[in-house]
Amino acid sequence: MTWIPEAASNLAGKVDGVILVITLISIFFFVLITAVLIYFAVKYRRKRDDEETPYITGNEPLEIIWTVIPSILLILLFVYGFVVYKDMRTPPKDAVDITVTGKQWIWTFDYYNGKKSLNELYVKQNVPVRMIMRADDVLHSFFIPQFRVKQDILPGRYTQLWFTPTKVGTYDLYCAEYCGTGHSQMLGKVIVLSPEAYDIWEKGIGVDEGDAVASLPPEELGEKLYKEKGCNACHSLDGSVVIGPSFKGLFGKTGTLEDGSTYVADENYIIKSIYEPQAEIVQGFQPVMPSFKGILSEGEVDALIAYIKTLK
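Residues numbered from 1 in each chain as written. Predicted model: local features only at pLDDT ≥ 70, side-chain atom pairs only at ≥ 80, totals over all residues. Heavy atoms only, no water.

(A) Expanded view of the sheet that holds strand β10 (residues 187-193). Pairing in this open sheet of five strands is mixed, and the strands run β4-β10-β9-β6-β7 from one edge to the other. On the outer flanks of this sheet lie β4 (120-124) and β7 (149-153), each paired with one strand and no other. In this sheet, adjacent strand axes meet at a mean angle of 20 degrees when their direction is disregarded. Across six bridges, the pairing between strand β9 (residues 169-175) and β10 is antiparallel. Bridge pairing links Asp172 to Lys189 in β10. (Pairing = 2+ DSSP bridges. Helix = DSSP H or I, 4+ residues; strand = E, 2+ residues; numbered from the N terminus. Axes fitted to C-alpha atoms, helices over the stretch in contact; angles between N-to-C directions.)

Here you go:
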C-alpha cells in the first residue's frame, strides 16, 4: 500500500490490515451491487407501452442470504477490529514510559532518565514506548501518521498510547485537534535511533545531527532553534503581535512590565525571559510562556540571542 504513509511501527501493519480488509469488502460489494443494478435495469426495462410491472411478493431464500452473509461479515469485522484495538490499548509490561505535555503550541517530553526535550521525541528502535500524556491548557491530539497512532490529550486528565518504532528515521508529529491560532505551528519530530545511537544520545554525546548543528554559526543555529523549538508559534519576525512580543527589533528595545517597571531587552533580559518567563511579564501580554530551563542549553540560548540581534 503506497497511497498511505510509510509503516514505521509494530501497530502500523495491523491498522493497515483492518483498513485494507474493509476497503476490499466495500469495493467488492460496490461493484457487485452496481453490476446487479445495471443488469436488472436493462433486463426488466419497460419494452412496450402496455406492459405492466409484475407483482413481486418476495423471495425467502434470497432474503435469508442477503441478511445472513452481511451479518456474518460484520461480526468478523468487529472481532478483527476489536483484536487490533485491544493490542493498541494494551502496552507490554517492559514498555519505557515517556511523559508528554501538550501546551499551546509546543510538545515537551520528559524521559525516565531525567532528560527533557522540546518538540523532538527520541525513541529507541524496537523498544516499546508508552506515552503518558496530559495537556496544560486546552484539548490537543498526539498524532504520528507513520506509526498509525493518535490520541486526544486533555487538561486535568492523563491519557496514554504505546508503540514500538521499527525503523530508524525521523517522522512528523502533529497536533490533530484545533487548539488555537497557532495550531498549525504545533509540529514536532519523532527521532527513532538505533540502540547504539540512542545510548550515545542518552549519555549526552552529540549524534550525527547534533554534530552538524554544533558546527553552525550562532545566528544560523538560532534561526534553526527558532523554528524547531516552537518559538515561531508565539513570536513573529515581521513585527506583528501573535501571542508574545515580535522578535523583530526586539534586542535593545525598552518597554513596560505588568508591575509598571521598565525593561531593556538585552542579553540578561532575554535569558531570564526564556528560563523564568513568569518573572517579568510585558504589559499587554498574558503569562502563558513555558519555561525552557532544562530544555535549551545556555549555548542554545546564546544562539537564539545572536539570531534575535540580526532581526532589525
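(B) Spotlight on the packing of aromatic side chains. Per the counting criterion, the structure on display carries 14 aromatic pairs. Ring geometry for Tyr226 against Phe247: centres 5.7 Å apart, planes inclined by 50 degrees, an arrangement best described as tilted. Of the two residues, Tyr226 sits in helix α5 (residues 218-228) while Phe247 sits in the loop between α5 and β11 (254-256), which places them 21 residues apart along the sequence. For the pair formed by Tyr226 and Phe247, the shared burial category is buried. By way of ring pairs, the aromatic residues Tyr111, Tyr122, Tyr198 and Trp201 are connected into one cluster. Its end group placed over the ring of Tyr44, Lys43 keeps NZ or CZ at 5.6 Å from the ring centre. Over the aromatic face of Trp201 sits the side chain of Lys115, whose NZ or CZ is 5.1 Å from the ring centroid. (Phe/Tyr/Trp six-rings, centres within 6.5 Å; stacked < 30°, edge-to-face > 60°. Buried < 20%, exposed > 50% of the residue type's maximum accessible area, 1.4 Å probe, protein only. Lys NZ or Arg CZ within 6 Å of the ring centre and 35° of its normal.)

(C) Seen up close, helix α6 (residues 267-275). If you check which residues of α6 are buried, you get Tyr269, Ile270, Ser273, Ile274 and Tyr275. Considering only its buried residues, α6 is in contact with β12 (262-264) and α7 (298-309). (Contact = heavy atoms within 4.5 Å.)

(D) Expanded view of the sheet that holds strand β1 (residues 96-103). Spatial ordering of the open sheet is given by β3-β2-β1-β5-β8, a layout of five strands whose pairing is mixed. Each edge of the sheet is formed by a strand with only one pairing partner; in this case those strands are β3 (116-118) and β8 (159-163). Across the sheet, the axes of successive neighbouring strands diverge by a mean angle of 25 degrees, strand direction being ignored. Direction of pairing for β1 relative to strand β5 (residues 129-135): parallel, over a ladder of seven bridges. By the bridge assignment for β5, Ile98 is matched with Met131.

(E) Highlighting a nonpolar patch on the surface. There is a patch of nonpolar side chains on the surface, built from Phe28, Leu32, Ile33, Val36, Tyr39, Phe40 and Tyr44 and spanning about 750 Å² of accessible area. Considering the arrangement of structural elements, one finds Tyr44 in the loop between α1 (12-43) and α2 (60-89). (Patch = residues over 30% accessible without salt bridge, like charges linked within 9 Å, V, L, I, M, F, W, Y side chains within 5 Å. Areas by Shrake-Rupley, 256 points an atom, 1.4 Å probe, with all protein chains shown as cover. Salt bridge = Lys/Arg side-chain N within 4 Å of Asp/Glu carboxyl O.)

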